Amino acid sequence: MEKKNIDWGNLGFGYVQTDYRYVSNFKNGAWDDGEITTDANIVLNECAGVLQYAQTAFEGMKAYTTEDGHIVVFRPDLNASRMADSARRLEMPVFPEEKFIEAVTEVVKANEAWVPPYGSGATLYLRPYMFGSNPVIGVKPADEYQFRILCTPVGPYFKGGVKPLTLKVSDFDRAAPCGTGNIKAGLNYAMSLHAIVTAHHEGYDENMYLDSKTRTKVEETGGANFLFVTKDGKVVTPKSDTILPSITRRSLLVVAKEYLGLEVEEREVYIDEVKDFAECGLCGTAAVISPVGKIVNHGEEICFPSGMTEMGPVTKKLYDTLTGIQMGRIEAPEGWIHVIK
Ligand SMILES: *Cc1c(COP(=O)(O)O)cnc(C)c1O
């Protein structure tokens, strides 16, 4: 298999059109067989449900080459079940979880030439998504849906080395109590755009959102969960019904406990105690962990002892262990690595 002639190490995080994508349509109450297609464009009626009422959800995952040359995907079963949760919450038909994994497998196989080589730091980012496709003008769920998986090669997240982030405690809310914060819906991102553009204007990398009801507890950023390390080496992550259950964060908790023998705690984390932590990181598929160096809470600066130049020592160990598991350098727990070929 001839790989595409791409400078893998210098790719950014942008859309690069690949050769194939997966498409399946839901009509008359059933999903069709689904297929791989070369057509990157979607033609929709002007009144399609997704365009009027934002009935759409997505997933994000990566395919990559391991040290011994296999192409793999990390825990796609969890993406499949999370997407099913998102669909149910948005009154969309569930794309069967088994079929989701088959579709991922098919689309990665078809785009094998686009899967970056081991050691390049680049990966093939996969974006499964679905949306209401037939005309809807009265407010109700669509009757027809399309499920797709597109893929695009993305570069190493920490190009030119890790740089700890500076966060702002946001004055905006991300998710309402009993709202949609716990599903991967495009609507959560649409309404976060103003907050992130504002934060960037003010010189911050990301927003830290607090719980909307009391504004006292840490939730997450626009697209990553928090992970903290206490001064005595305990790993703590916020527990909340309104944060998105990050697969990276859930995996890191297993790594902390089972591989590093650390104590882990999933509990409510108050903004007032954040200053007492030794390390802070953001977890998500894209970067695995991005270290946080500083959080500004309305003029009060919280500076973590790990500083503004590198990852804290526990964060680094977690990062190295999970990426080692993903890349096949460290033995993975049963079922974590889905081998495509
Ligand atoms: C996707 C996402 C994450 C990260 O989840 P992973 O499964 O680790 O990629 C965190 N927060 C939000 C809001 C997200 O949409």
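Quick note: structure is the one above.
Since we're looking at a predicted model, the values are computed, not measured.

Enquirer: What am I meant to see in the site of the ligand here?
Expert: Taken together, 15 residues lie around the ligand, and Lys184, Tyr189, Ser246, Thr248 and Thr285 are the ones closest in. A distance of 2.8 Å separates an oxygen atom of the ligand from a polar atom in the side chain of arginine 82. Here threonine 248 contributes a side-chain N or O atom positioned 2.6 Å from an oxygen atom of the ligand. Taken by itself the ligand offers 390 Å² of open surface, and the protein chains cover 96% of this. Per-class residue counts for the shell around the ligand are four nonpolar, seven polar and four charged.

Enquirer: Would you take a moment to explain the packing of helix α2 (residues 76-89) against helix α3 (residues 97-110) for this structure?
Expert: Packed helices, taken two at a time, are described by the angle their axes make and the gap between the axes. Running from N to C, α2 and α3 cross one another at 130 degrees; their axes reach a closest spacing of 9 Å. Relative to α3, the element α2 lies oblique. At the point where α2 passes α3, the crossing takes the right-handed sense. Taken together, the residues of α3 that come into contact with α2 (itself represented by Pro76, Asp77, Asn79, Ala80, Ser81, Met83 and Ala84) are Glu97, Phe100 and Ile101. Per-class residue counts for the contact of α2 with α3 are six nonpolar, two polar and two charged.

Conventions used here
Residues numbered from 1 in each chain as written. Predicted model: local features only at pLDDT ≥ 70, side-chain atom pairs only at ≥ 80, totals over all residues. Heavy atoms only, no water. Near = heavy atom within 4 Å. Polar contact = N/O pair within 3.5 Å; in protein donor to acceptor, adjacent residues only side chain to side chain. Areas by Shrake-Rupley, 256 points an atom, 1.4 Å probe, with all protein chains shown as cover. Nonpolar A, V, L, I, M, F, W, Y, C, P; charged D, E, K, R; others polar. Axes fitted to C-alpha atoms, helices over the stretch in contact; angles between N-to-C directions. Helix = DSSP H or I, 4+ residues; strand = E, 2+ residues; numbered from the N terminus. Parallel < 35°, antiparallel > 145°, perpendicular 65-115°, else oblique. Left-handed = near helix turned anticlockwise from the far one by under 90°. Contact = heavy atoms within 4.5 Å.

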